[in-house]
Amino acid sequence: MATRATKKTPVKKTLAKKPPAKKGTEKKGTPAPVAVTLPALHESTTSSGLKVLAAERGVLPLVAMRLVIRAGSAMEPADKHGLADFTARLMRRGTAKMSADELDETIEFVGASFSVGSSEDVLSLFVTTPAEHFPEMLSVLGQLVREPSFPEREVELARERALAGFTNDLDDPSVVADRAFTRALWGTHPYGHDVGGSSAHVRSFTRDDLVRFHREQMGPRVALLSVVGAVSPEVVAREAEKAFAGWEGGPEAPVALPPVDSLATGRVLLVDKPEQTQTQVRIGGPGFRVGHPDYFPAAAMNNVLGGGFTSRLVNEVRVERGLTYGIHSYFDMLNAGGVFGISTFTQTDKTREIIDVSLAEVAKVRAKGITPAELKKAQRYLAGLYPLRTETNESVASVISDIRVHGLGDDWVEKFRERLLAVKAKETVEVAAKYLFAQPPLIVLVGKASEVKKQLTGLGPVTVVPASDYE
């Protein structure tokens, strides 16, 4: 998992002059990168059990907060897919003390912003605010998580919007492909459904479902608050205690997900959309969990294979053959496991060709890894890009949270480029052999089944389903 860095350590200047190098002896090379560090972290814990990380940073009078709760979609009941995301969004629509309109007015009046994000493992509430209004906005955040009211009318409106969204999503073959890929690959594992759920499940949501999920899954002992910006750690600790005192509920400790023994590969799932003139293509197999030791050699290897604009897949599939406008490969890393995948699209009659060409490029890297020159170029690119990813308070707050939630180690940022630049070519061969479809992958296609199916001979068992299965 790539996290992002923050402020740069200044380089000391010296007045001592070195003698000029003799002609022809100048060394050419890239200077050592300037160290990238996080601001000092100050930890505290509220009386309710919420862990708080504070980092005083920057001269601008702004503060960013991120509250992470280990209550993502993997924690949902088997018949309530989408409930975590739905509940999180409804928390914003009223508390025991403030209506949705009053919340909006209070937040907008001071120039702050609130947003919510959900994933398989966690849900997050993000806040940015002028520093002078930090205590007030932290108090509002505390209300949202301690005492959401989940007004019945707001639940009804949110349900209607969500159902309309599912209907619209059927018109986007890319969305259908991603949903079908997730469901087919993970199967019955808690990761095996879209974070937003499905129309059949969302249609069944009641206010009681939201209240129960909030009470049982969202609590201080499975949460972490990170605060970054123009506010002292002492003030953060004091105001956090005020805002979150009395917060109850949730598990006593993070719930362990079942291990990922295997993924459903070696077959083809064809999702029929008869009106399509193009085919969405997803190819995937097992990857690794977030924080895995293979991350750094895999990141460098994948940048060469399909993770960059000048990658082998882009060159062979797009530039040389003109089969698509876009193709990329990626590692998707979650707490309990991960996926290596390829995502692209092409004309209906070119479906088999793009599959064969993509798998051939993967096979080349699986057999031999990448060249030393390609590795060096990928390392320079990724190392050079890394400092740009933690330039704001918001990004630093997210990095701090990710480091602790996913157990990456507090030296993750400081050591990131050192670990990346230490990767050897033989390590890329090893990770390629592990993850680049050593066994036949899962192939998910969304397109005109009557034209696509006849192109799939030899790729494995083919199952055809209607697109409406993914509403």
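For the structure itself, look to the data block above.
Cut-offs applied
Residues numbered from 1 in each chain as written. Predicted model: local features only at pLDDT ≥ 70, side-chain atom pairs only at ≥ 80, totals over all residues. Heavy atoms only, no water. Core = buried A, V, L, I, M, F, W, Y, C linked by side-chain atoms within 4.5 Å. Buried < 20%, exposed > 50% of the residue type's maximum accessible area, 1.4 Å probe, protein only. Contact = heavy atoms within 4.5 Å. Patch = residues over 30% accessible without salt bridge, like charges linked within 9 Å, V, L, I, M, F, W, Y side chains within 5 Å. Areas by Shrake-Rupley, 256 points an atom, 1.4 Å probe, with all protein chains shown as cover. Salt bridge = Lys/Arg side-chain N within 4 Å of Asp/Glu carboxyl O. Lys, Arg positive; Asp, Glu negative; His and termini not counted. Charge placed at Lys NZ, Arg CZ, Asp CG, Glu CD. Helix = DSSP H or I, 4+ residues; strand = E, 2+ residues; numbered from the N terminus. Phe/Tyr/Trp six-rings, centres within 6.5 Å; stacked < 30°, edge-to-face > 60°. Expected span 1.5 Å × (residues − 1). Pairing = 2+ DSSP bridges. Axes fitted to C-alpha atoms, helices over the stretch in contact; angles between N-to-C directions.

Description of the nonpolar core
Burial of nonpolar side chains together is a common tendency in soluble globular proteins.
Here is step 1 of the chain: Core analysis: the largest hydrophobic core is formed by 75 residues, its most contacted members being Met65, Leu67, Ile69, Leu141, Leu225 and Phe244.
Here is step 2 of the chain: The residues contacting leucine 141, other than those within four sequence positions of it, are Met65, Leu67, Phe114, Leu125, Val127, Leu225 and Phe244.
Here is step 3 of the chain: Membership of the second largest hydrophobic core comes to 64 residues, among which are Val36, Leu305, Ile354 and Leu382.

Some thoughts on a negative patch on the surface
Here is step 1 of the chain: On the surface, a cluster of negative charge is made up of Asp101, Glu102, Glu105 and Glu108.
Here is step 2 of the chain: Along the chain, glutamate 105 falls in helix H2 (residues 100–109).
Here is step 3 of the chain: We classify glutamate 105 as exposed; its relative accessible area is 55%.

Describing the packing of aromatic side chains
Centre-to-centre distance and the angle between the planes together describe a pair of aromatic rings.
Here is step 1 of the chain: A full pass over the atoms with the stated rule returns 15 aromatic pairs.
Here is step 2 of the chain: Plain terms: the ring middles of phenylalanine 331 and tyrosine 435 are 6.0 Å apart, the flat faces sit at 85 degrees to each other, and that makes the pair edge-to-face. Separated by 104 residues along the polypeptide, phenylalanine 331 in strand S9 (residues 327–333) and tyrosine 435 in helix H15 (residues 425–435) bring together distant segments of the chain.
Here is step 3 of the chain: Centroid distance phenylalanine 340 to phenylalanine 437: 5.2 Å. Interplanar angle 55 degrees. Geometry classified as tilted. Of this pair, phenylalanine 340 sits in strand S10 (residues 338–347) while phenylalanine 437 sits in the loop between H15 and strand S11 (442–447); the two residues are 97 residues apart in sequence, bridging distant segments of the chain. For the residue pair phenylalanine 340 and phenylalanine 437, the accessibility class agrees, reading buried in each case.
Here is step 4 of the chain: Of the aromatic side chains, those joined through ring pairs into one cluster are Phe288, Phe331, Phe340, Tyr435 and Phe437.

Side note on the environment of alanine 245
Here is step 1 of the chain: Tracing the chain through its elements places alanine 245 in the loop between helix H8 (233–244) and strand S7 (268–272).
Here is step 2 of the chain: If near-sequence neighbours (up to four positions away) are discounted, alanine 245 is found in contact with Ser47, Arg146 and Ala240.

Regarding helix H3 (residues 134–146)
Here is step 1 of the chain: Look at H3: 18 Å from first C-alpha to last across 13 residues, which is about the 18 Å you get at 1.5 Å a residue.
Here is step 2 of the chain: Inspection of H3 places Phe134, Met137, Leu138, Val140, Leu141, Gly142, Gln143, Leu144 and Val145 among the buried residues, and these make up the whole buried set.

A closer look at the sheet that holds strand S1 (residues 42–45)
Hydrogen bonds along the backbone pair up the strands of a sheet, which may run parallel or antiparallel.
Here is step 1 of the chain: Taken in spatial order, the 6 strands line up as S1-S2-S6-S3-S5-S4 in an open sheet, and their pairing is mixed. The sheet is open, and its two borders are formed by S1 and strand S4 (113–118), each paired with just one other strand. Across the sheet, the mean angle separating the axes of adjacent strands is 15 degrees when strand polarity is ignored.
Here is step 2 of the chain: Relative to strand S6 (residues 223–229), strand S2 (residues 51–56) runs parallel, the two sharing 6 bridges. Residue leucine 53 lies in a different strand from S6, and its bridge partner there is serine 226.
Here is step 3 of the chain: Sheet strands in contact with helix H1 (residues 83–91) are S4 and strand S5 (123–130), and its direction is about 170 degrees off that of S4.

Some details on the pairing of strand S3 (residues 62–69)
Here is step 1 of the chain: Within S3, 7 of the 8 residues are buried, leaving the element largely enclosed by the surrounding structure.
Here is step 2 of the chain: With 8 bridges joining them, S3 and S5 adopt antiparallel strand pairing. Bridge pairing in S5 links valine 68 to serine 124.
Here is step 3 of the chain: Strand direction decides the pairing type here: S3 and S6, joined by 7 bridges, are antiparallel. Within S6, the residue paired with alanine 64 across the bridge is valine 228.

Focus: the pattern of salt bridges
Here is step 1 of the chain: Per the counting criterion, the structure on display carries 26 salt bridges.
Here is step 2 of the chain: Between aspartate 209 and lysine 80 there is a salt bridge; the shortest N-O distance is 3.0 Å. With aspartate 209 in helix H7 (residues 207–217) and lysine 80 in the loop between S3 and H1, the pair connects residues that are 129 residues apart, well separated along the chain.
Here is step 3 of the chain: Between arginine 238 and glutamate 239 there is a salt bridge, and its shortest N-O distance comes to 3.5 Å.
Here is step 4 of the chain: Its relative accessible area of 10% is what places glutamate 239 among the buried residues.
Here is step 5 of the chain: Each of Arg92, Arg93, Asp104 and Glu154 takes part in a single network of salt bridges with overlapping partners.

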